Amino acid sequence: MIVILAEKPDQARKLASPFPHTKGNGFLSIQSCKEFPNGATVTWAIGHLVELKEPEEYRPEWKKWDLATLPIIPGQFEYKVSKDKAKQFQTVKKLLKEADEIIIATDPAREGENIARLLILMAGCSKKRIKRFWTSSLTENAIRKGFAELKDGKETIHLFHEAQARQIADWLVGMNASRLYTLLLQQKGIRDVFSVGRVQTPVLKLIYDRQKEIEHFRPEPFYELEGQFTVKNGTYRGKLNKRFSSPDELYEAVRPDITKEQQTYQAVIKSVRISEKRTPAPKLHSLSTLQSKLNRTKKFSPTKVLELVQSLYEKGYVSYPRTDSQYITEEEYTYLQKHVDQYQQCLGIHVPIRSLQPSKRYVNPEKVSDHYAIIPTEKVPDTKAFETFSSDEKEVYYEILKSALAMFMTDYVYDETVIITSVGKQEFVTKGRTEKEMGWKALYQNEKDEESEGEQVAFCGKPTIFCNRHKTNVYMGSFLVFMNHRISNVLFSIFFYEKLIGRFKKSLFFFFREIVKILRIRRHKKTGHFHRIFPNGFASCHPFLNHFVDLLAVINRTRIDQIVI
């Protein structure tokens, strides 16, 4: 008997969907077909069914939190079945025991491998013949192809070893450091429990550092010079490409060509350069880019976006939402191409299609790991189904549709004009654009164009110094540079994504989002200071933690016996 092991029930249903099958209690039975002449059984985990044992399950004396027992390092790490998932484990174990061949069909990545291998290990079936189903796409064609091209299980076992190393490192740091800090701080009179983690503590330190930067930042005004130029056909404005700390400094720099006393000058158009520019459609959405876009355009919070996309996913209209990829494979591209007309009809528009040939800007299997970009599925809602969507679900679905359609459309084409106007030796720069072809931007005509924002704002007369003390994102002459973005919601995700993406191979967005979810700051009842960290909460970005986070920061570079409070 062949047993196919999926990561979750939804994945199992998709794996079985191309084949005739019936539903059982905790499994699906695939009937005899071309791919499985003798049939097969699909069963599933529910996330991590197996976890590392608690310290007291190794040695009873480790149950009590005592400095004398640290560090806690088991001679051999052991696993147990999660209590709340024992029923499904028994189903999986029974099926694995009966299997002649096991096909691992969990997500094609480290954690997917870990989930499956631990189940096989706990079921006592590690010596059975193991094959690996390896594809990020779960379209019907991709599933059939994946089962026809199974890998040998030995080819991916290194991912299991990698995941084990991470899991054990998390356990060692969490169990030892949490007890250490809790006990040392209790000696200082702080009666509470502190959670320290290999990942959560550095993340918390980054938040803390950002808060300190905000507190210590002092805004400084700078000044710019704009001029209005009159020609035969009208007027235009230009800006001197220099910034100054005061009006006096500005006038000193432009003297004698421009002075405080004189209001009008003779100017010469030094050059006019017109060049054609092309902007391709944006990449497809990952969860982070979708959250960022909808926060900007619809003011949806990241949590709300995830809930809405999850709802659409469960209804079968969009692909898996928790993805950090902006690429798809040829399989997804093929079905999207076939449904272009239906997607346009759903949006109520008809736009010209440039090409139906895949571009590596969007279609690149090498850049798809666990999951591909968020795209509409082959299931397109009809009018009746669409009426069941909430207004917010419609907005999210529209954005995902537009993102997918845009890659089939022509580039946005415009002429960029750059005029250099000189007043004596002072050169003023004027930039503008003239649209030639809307291309993919025809899908987004009602949205504000961030790229061109600020290029053509109203001008009010003659050489003028501006100092705007409120905004930094719209060009209105001089302005204060404010550092006023605390790390919260979508700003948090964008800040960390941009700050750290260069240091790691994979996107950190989900990594940080999940860590922040388990960081919760609780105000001390007596002192009013923030000092407690424990699971199932969210990190506030107010001034917090006092000396505590500074202590946490040393954990990455200090041995346990070196820490002194």
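Note that the coordinates shown come from a computational prediction; the quantities given were computed from them, not determined experimentally. Throughout, residues of each chain are indexed from 1 in the direction in which the sequence is written. Totals for whole chains, interfaces and linings use all residues, but because this is a predicted model, local features are given only for residues with pLDDT of at least 70 and pairs of side-chain atoms are given and counted only at 80 or more. Heavy atoms from the whole structure form the basis of all side-chain values; hydrogens and water molecules are not counted.

1. Overview of the nonpolar core
Note on terminology: a nonpolar core comprises buried Ala, Val, Leu, Ile, Met, Phe, Trp, Tyr and Cys residues joined through side-chain atoms within 4.5 Å. Three exposure classes are used, based on accessible area relative to the maximum for each residue type with a 1.4 Å probe and protein chains only: buried under 20%, partly exposed in between, and exposed over 50%. Leu290, Ile328, Leu336, Val396, Tyr397, Met407 and Leu443 are the most contacted members of the largest nonpolar core, which totals 51 residues. At the level of elements, α8 (287-298), α9 (302-315), α10 (330-338), α11 (340-347), α12 (383-386), α13 (391-406) and β14 (412-423) are the ones that each hand at least two residues to this core. Every residue pair with non-hydrogen atoms within 4.5 Å of one another is taken to be in contact. Those residues in contact with Leu336 that sit more than four places away from it in its chain are Ile328, Tyr343, Ile375, Pro376, Ala404, Met407 and Phe408. Ranked by size, the runner-up nonpolar core spans 32 residues in total, among them Val3, Val50, Ile72 and Trp171. Secondary structure follows DSSP: runs of H or I at least 4 residues long count as helices, runs of E at least 2 residues long count as strands, and numbering of each begins at the N terminus.

2. Focus: the environment of Tyr317
Here Tyr317 is to be found in the loop between α9 and α10. Judged by its relative accessible area of 9%, Tyr317 falls in the buried class. Remark: the alpha-carbon pair of Tyr317 and Thr377, spanning 60 residues in sequence, is separated by 5.3 Å. Excluding anything up to four places from it in sequence, Tyr317 contacts Leu312, Ile375, Pro376, Thr377, Lys379, Val380, Pro381, Ala385, Phe389 and Tyr397.

3. Let's talk about the packing of helix α3 (residues 110-122) against helix α5 (residues 157-187)
Axis definition: a line fitted to C-alpha atoms, over the contacting stretch in the case of helices. Angles run 0 to 180 degrees between N-to-C directions. Between α3 and α5, the least distance of the axes is 8 Å, while the angle of their chain directions is 95 degrees. Judged by the angle between their axes, α3 and α5 are roughly perpendicular. Here Arg110, Glu111, Glu113, Asn114, Arg117 and Leu118 of α3 come into contact with α5, specifically with Ile157, Leu159, Phe160, Glu162, Ala163, Gln164, Arg166 and Gln167. Charged residues are taken to be Asp, Glu, Lys and Arg, nonpolar residues to be Ala, Val, Leu, Ile, Met, Phe, Trp, Tyr, Cys and Pro, and polar residues to be all remaining types, Gly included. Split into classes, the residues belonging to the contact of α3 with α5 amount to 5 nonpolar, 3 polar and 6 charged. What sets the label is the angle itself: under 35 degrees gives roughly parallel, over 145 gives roughly antiparallel, 65 to 115 gives roughly perpendicular, and the rest give oblique.

4. Regarding the confidence of the model for the chain
Per-residue pLDDT for the chain averages 79, and the proportion of residues at 70 or more is 79%. Predictor confidence is given residue by residue as pLDDT, running from a minimum of 0 to a maximum of 100. Contacts from residues 451-464, a stretch scored under 50 in pLDDT, to residues over four places away or in other chains number 40 contacts. Confidence over residues 466-565 falls short of pLDDT 50; this stretch has 233 contacts with residues more than four positions distant or in other chains.

5. Some thoughts on the pattern of salt bridges
Every case where a carboxyl oxygen of Asp or Glu lies within 4 Å of a side-chain nitrogen of Lys or Arg is listed as a salt bridge. Here the structure, examined in full by the defined rule, presents 34 salt bridges. What emerges from the salt-bridge pattern is a single network uniting Arg110, Glu111, Glu162, Arg166, Asp170 and Arg198.

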